[in-house]
Amino acid sequence: MIRRLVVLGAATVAVLAVVVAGRVAPEEPVVAAPYEGEVTPAAQPVACPGTVEIPVGDIDSGDPDLGSGSDDRTYQALGDGTEPTGAGFLAEGDVAASVERIGGGDVAGLSAASCVAPVRDQWLVGGSTALGSSARLVLTNPSDASTEATVTLYGGLGELEEHAVVSIAPGGQQDLLLESVVAEVPALAVRVVATGAGVVAHLQDSRLDGFQPAGTDWVGRGSAPSTRLVVPGVGAEAEDAATTLRLMAPDGATADLMLAGDEGLVEWGGVSGLALEPGVVTEVEVPALASGAVEIRADAPVVAGAMISVTRPVVDGPADAVERDLAWLPAQDTTDRKRRSVMVTDHVSAVTVHAAVAGEFTLTDADGEVIVSQQMAARSTATIPLEVPAGTVLTGPARFTWSLALEDEPGFVATLVPRRTDVESTPVTVGLRPYLGPGS
C-alpha cells in the first residue's frame with residue numbers, strides 16, 4: 001500500500017513538474033517592428049498685425065500744431081478669405097500681406113508686413129527702446145486654443161533679465177510695448193516661444209528725431225539661427241540713405257560678412273572674423289550702395305536683420321530738420337532650399353535678388369506664367385523693376401534669396417519678404433518597450 005502510494009506520488013510529481021514547467025517557461029514576446037513615418041501638422045491661417053498705432057497718447061489731442069496723427073492714411077489688406085482678429089486679420093490662403101501709407105505725423109511713411117503662419121519658436125531682429133523710439137510687439141493666435149508666449153529680449157549687453165509672459169485667447173491678439181519691459185536699449189533682438197500651435201509675432205518699430213518722424217515699419221519674423229544667412233535688398237537709391245546690419249549669436253560665434261552688388265562682391269574692410277559674444281546684439285554699418293545683399297557666414301548659428309534709413313525733405317519744421325523713413329529686412333537662411341512666395345501690394349516697385357550660384361532667376365505667378373527672368377552670376381545681386389497688380393502671388397526658385405522693395409513719394413520705403421508655403425512634416429518613430437515602473 002505504501003509502495004503503491006509512493007509510486008503514484010512520484011508519477012504525480014513528474015506530471016506536475018511537466019505542467020508547471022510548461023506554464024513557467026517564458027515564451028518569446030512578439031514585438032512589432034517600430035513604425036517609421038511623418039506627422040504633418042494641420043495647416044493654420046496666416047496672420048497680419050493690422051494698422052500702425054501711435055505708441056503713446058491720443059492722436060486727436062494736444063496742440064494741433066504738434067499733432068502726432070494724420071488724416072492722410074491708406075491701409076490695404078490682401079489675401080484669400082480674410083477675417084478680422086484684433087486690429088489685424090487672418091487669411092486662409094498660403095500668402096497674404098498688408099501695407100499702410102501714412103502721409104504725416106509721428107509715424108509717417110510706408111509700413112508693410114507679410115502674413116505668416118504661427119510657430120512655437122521665432123526670432124525678430126529689430127526695434128529699439130531708446131529715447132524717441134517705441135517697439136510694439138503684436139502677437140496673434142490664429143488657433144482655436146489659448147496659448148502663452150514667453151518674450152525674451154537681447155541687447156548690447158546680452159540677454160536681458162526682464163522677460164514677459166503674454167496670454168493670447170483663441171483667435172485673439174495682444175500688444176506688448178517693449179519699452180514697458182526694458183527701457184533705453186537702442187538695439188534689440190526678440191525671441192518669442194509659445195505653447196500649443198504657436199503664435200504669429202510682428203514688431204512695430206517707430207522712431208522720432210525730436211519732433212520729426214524718423215520712420216516706422218514692421219519687423220517680420222526672420223530665419224531660425226543659422227550659420228549661412230543672406231539679407232537681400234540692402235541699400236537705397238537715395239543719396240544719403242544708410243543701412244545698418246544687426247546680428248546676434250545665441251551661443252556666440254565668429255562671423256564673416258560680405259557685401260554683394262550687381263557686379264559681384266564689393267570691398268568691405270574690417271568685417272572678417274567678427275567676434276559675436278553670446279547673446280550680445282552687434283550692429284555694423286553697411287557701405288553705401290544703391291542695391292545689394294549682405295552675406296553672413298559664421299561658425300555657429302546667428303540671427304540677423306538690416307535696417308534701411310532714407311531721408312526726405314521736411315515739409316513743416318526748422319530749416320535744418322531731417323525727416324526719415326525706415327525699412328526692415330530679416331535675414332534668410334540659404335541652407336533652407338525651399339521655394340518661397342509673397343503677395344504683391346500697392347507701392348511695390350522692384351525685386352532685389354541674390355544668387356549664391358550662377359543660374360536663371362524667375363518669378364512666376366499663380367498660373368505659372370513667368371513674370372521676371374534674369375541670368376545671374378554667382379554671388380551677385382540684381383534689382384529688377386516690377387510692375388504687377390496688387391494681389392498677385394509671386395513664387396521664386398529655392399536657390400535664390402529675394403525681397404520686394406516698396407516706395408512712394410516723398411521718400412517713403414518698405415519691404416516685403418517671401419515665406420515658405422509648404423507645411424513641413426516631422427519624422428517620427430513609434431515603437432514598444434517594456435514598462436519598468438515609475439522613474440524608468
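What you are looking at is a predicted structure, and each value in this text was computed from that prediction instead of being measured.

Engineer: Go over the side chain of Asp-325 with me, naming the residues and quoting the values.
Structural biologist: Relative to the assigned elements, Asp-325 resides in strand β24 (residues 323-330). With no salt bridge to any partner, buried Asp-325 finds its closest opposite charge in Arg-312, at an N-O distance of 5.1 Å. Engagement of the side chain of Asp-325 in a polar contact is seen with the backbone nitrogen of Leu-110, the distance being 3.1 Å. A polar contact is formed between the side chain of Asp-325 and the backbone nitrogen of Val-413, at a distance of 2.9 Å.

Engineer: Now, about the sheet that holds strand β7 (residues 109-114): what can you tell me, with residues and values included?
Structural biologist: Taken in spatial order, the three strands make up an open sheet running β3-β6-β7, and their pairing is antiparallel. Of all the strands in the sheet, the pair left with one neighbour each is β3 (73-78) and β7. Put simply, the sheet's adjacent strands are angled 5 degrees from each other on average, direction ignored. Judged from the six bridges that link them, strand β6 (residues 97-102) and β7 form a sheet pairing that is antiparallel. Each bridged residue has a counterpart across the sheet, and for Ile-102 the counterpart in β7 is Gly-109.

Engineer: Tell me about unusual backbone geometry, residues and numbers included.
Structural biologist: Trans is the prevailing form of peptide bonds, just as negative phi is the prevailing case for residues other than glycine. Cis geometry marks the peptide bond from Glu-409 to Pro-410, where omega comes out at -5 degrees. With respect to the helices and strands, the residue Pro-410 is situated in the loop between β32 (400-408) and β33 (412-416). The phi angle at His-347 is positive, at roughly 80 degrees, despite the residue not being glycine. If you trace the backbone, His-347 turns up in the loop between β26 (340-343) and β27 (348-355). Overall, the relative accessible area of 24% leaves His-347 in the partly exposed class. You will see that Arg-379, though not glycine, has its phi angle at about 55 degrees, which is positive. By secondary structure assignment, the location of Arg-379 is in the loop between β29 (370-376) and β30 (380-385). Residue classification places Arg-379 among the partly exposed positions, given a relative accessible area of 23%.

Engineer: Kindly report on empty space enclosed by the protein, identifying the contributing residues and their values.
Structural biologist: If a probe as big as a water molecule is rolled over the atoms, it shows which places are left empty. What the rule picks out here adds up to one cavity of 30 Å³ or more. What the largest cavity holds in volume is close to 80 Å³. Considering the residues around the largest cavity, the lining is formed by Asp-333, Thr-334, Asp-336, Arg-337, Arg-340, His-354, Ala-356, Ala-398, Arg-399, Phe-400 and Thr-401. Residue classes in the lining of the largest cavity are distributed as three nonpolar, three polar and five charged.

Engineer: Go over the confidence of the model for the protein, please, and point to the residues and values.
Structural biologist: Scored by pLDDT, the protein has a mean of 87; 84% of the residues are at 70 or more. Note that pLDDT drops below 50 for residues 1-22; the model gives that stretch zero contacts with residues more than four away or on any other chain. Predicted confidence is poor over residues 57-66, with pLDDT under 50, and the contacts of this stretch with residues over four places away or in other chains come to five contacts.

Engineer: So what's going on with the environment of Ile-384? Which residues, and what values?
Structural biologist: By the secondary structure assignment, Ile-384 is in strand β30. For the pair formed by Ile-384 and Val-351, sequence separation is 33 residues and the distance between their alpha carbons is 5.3 Å. Those residues within four positions of Ile-384 in sequence are excluded, and the remaining contacts are Ala-350, Val-351, Val-353, Phe-361, Val-372 and Gln-374.

Engineer: Talk me through the sheet that holds strand β2 (residues 46-48); I want residue IDs and the actual numbers.
Structural biologist: Taken in spatial order, the three strands line up as β2-β5-β4 in an open sheet, and their pairing is antiparallel. Pairing within the sheet leaves two strands with one partner each, and these edge strands are β2 and β4 (83-85). Going across the sheet, the axis of each strand differs from the next one's by a mean of 35 degrees, ignoring polarity. Looking at chain direction, β4 and strand β5 (residues 88-91) are connected through three bridges and run antiparallel. The residue of β5 that forms the bridge with Glu-83 is Leu-90.

Engineer: Please give an account of the packing of aromatic side chains that cites residues and values.
Structural biologist: For the structure on display, the rule yields three aromatic pairs. Here Phe-361 and Phe-400 contribute two aromatic rings whose centre-to-centre distance is 5.4 Å and whose plane-to-plane angle is 70 degrees, an arrangement assigned as edge-to-face. Here Phe-400 lies in strand β32 and Phe-361 lies in strand β28 (residues 359-364), a separation of 39 residues in the sequence. Here Phe-361 and Phe-400 have matching classes, each one buried. An aromatic cluster is built from Phe-361, Phe-400 and Trp-402, whose rings are joined through pairwise contacts.

Engineer: Give a description of the state of the cysteines that names residues and reports values.
Structural biologist: Tallying each qualifying case throughout the model produces one disulfide. Shown here is the disulfide that connects Cys-48 with Cys-115, its sulfur atoms set 2.0 Å apart. Its S-S torsion of about -105 degrees marks the bond between Cys-48 and Cys-115 as left-handed, since a negative value means left-handed. Of this pair, Cys-48 sits in strand β2 while Cys-115 sits in the loop between β7 and β8 (121-125); the two residues are 67 residues apart in sequence, bridging distant segments of the chain. Residue Cys-48 is classed as buried on the basis of its relative accessible area, which comes to 0%.

Engineer: Which residues make up the environment of Ala-183, and what values do they have?
Structural biologist: Along the chain, the position of Ala-183 falls in the loop between β13 (173-177) and β14 (189-194). Residue Ala-183 is classed as exposed on the basis of its relative accessible area, which comes to 52%. With 52 residues separating them in the primary sequence, Ala-183 and Leu-131 have C-alpha atoms 8.3 Å apart.

Engineer: Go over the pattern of salt bridges, please, and point to the residues and values.
Structural biologist: Applying the stated rule across the entire model yields 13 salt bridges. A salt bridge links Arg-101 to Asp-72; its shortest N-O distance comes to 3.3 Å. Here the residue Arg-101 occupies a position in strand β6, and Asp-72 occupies one in the loop between β2 and β3, the gap between them amounting to 29 residues. We classify Arg-101 as buried; its relative accessible area is 16%. The exposure class assigned to Asp-72 is partly exposed, which follows from its relative accessible area of 40%.

Parameters and conventions
- Counting restarts for each chain, with residues numbered from 1 along the sequence as it is written.
- Local features in this predicted model are restricted to residues whose pLDDT is 70 or higher, and side-chain atom pairs enter the listing and the counts only when it is 80 or higher, whereas totals over whole chains, interfaces and linings include all residues.
- Calculated side-chain values reflect all of the structure's heavy atoms, with hydrogen atoms and water omitted.
- Under the scheme used here, helices are H or I runs from DSSP no shorter than 4 residues and strands are E runs no shorter than 2 residues, and both carry numbers assigned from the N terminus.
- Exposure is judged per residue with a 1.4 Å probe applied to protein chains only, and the accessible area is read against the type maximum: over 50% gives exposed, under 20% gives buried, and values in between give partly exposed.
- His is not counted, nor are the chain ends, whereas Lys and Arg count as positive and Asp and Glu as negative.
- Any carboxyl oxygen of Asp or Glu within 4 Å of a side-chain nitrogen of Lys or Arg constitutes a salt bridge here.
- Polar contacts, as counted here, are pairs of nitrogen or oxygen atoms within 3.5 Å of one another; within protein the pair requires one atom able to donate a hydrogen and one able to accept it, and residues that are adjacent in sequence qualify only if both atoms are side-chain atoms.
- Between any two strands, pairing holds if DSSP finds at least two bridges.
- Under this scheme, a helix contributes an axis fitted over its contacting stretch, all axes are lines through C-alpha atoms, and angles between N-to-C directions fall in the 0 to 180 degree range.
- A pocket, in this scheme, is an open set of points on a 1 Å grid over the protein atoms alone with protein on both sides within 12 Å along at least 5 of 7 lines, while a cavity is a set where a 1.4 Å probe fits but cannot get out; residues line either one if an atom lies within 4 Å of a point.
- Grid points are joined across faces, edges and corners, and a volume is the space filled by probe spheres set on the points.
- Residues are sorted three ways: Asp, Glu, Lys and Arg are charged, Ala, Val, Leu, Ile, Met, Phe, Trp, Tyr, Cys and Pro are nonpolar, and all the rest, Gly among them, are polar.
- The predictor's confidence in any single residue is recorded as pLDDT, a number from 0 to 100.
- Any two residues having at least one pair of non-hydrogen atoms within 4.5 Å are treated as being in contact.
- Put simply, two rings from Phe, Tyr or Trp (the six-membered ring, in Trp's case) pair if the centres are within 6.5 Å, and we call them stacked under 30 degrees between planes, edge-to-face over 60, tilted for the rest.
- Disulfide: a pair of cysteine sulfur atoms within 2.5 Å of each other.

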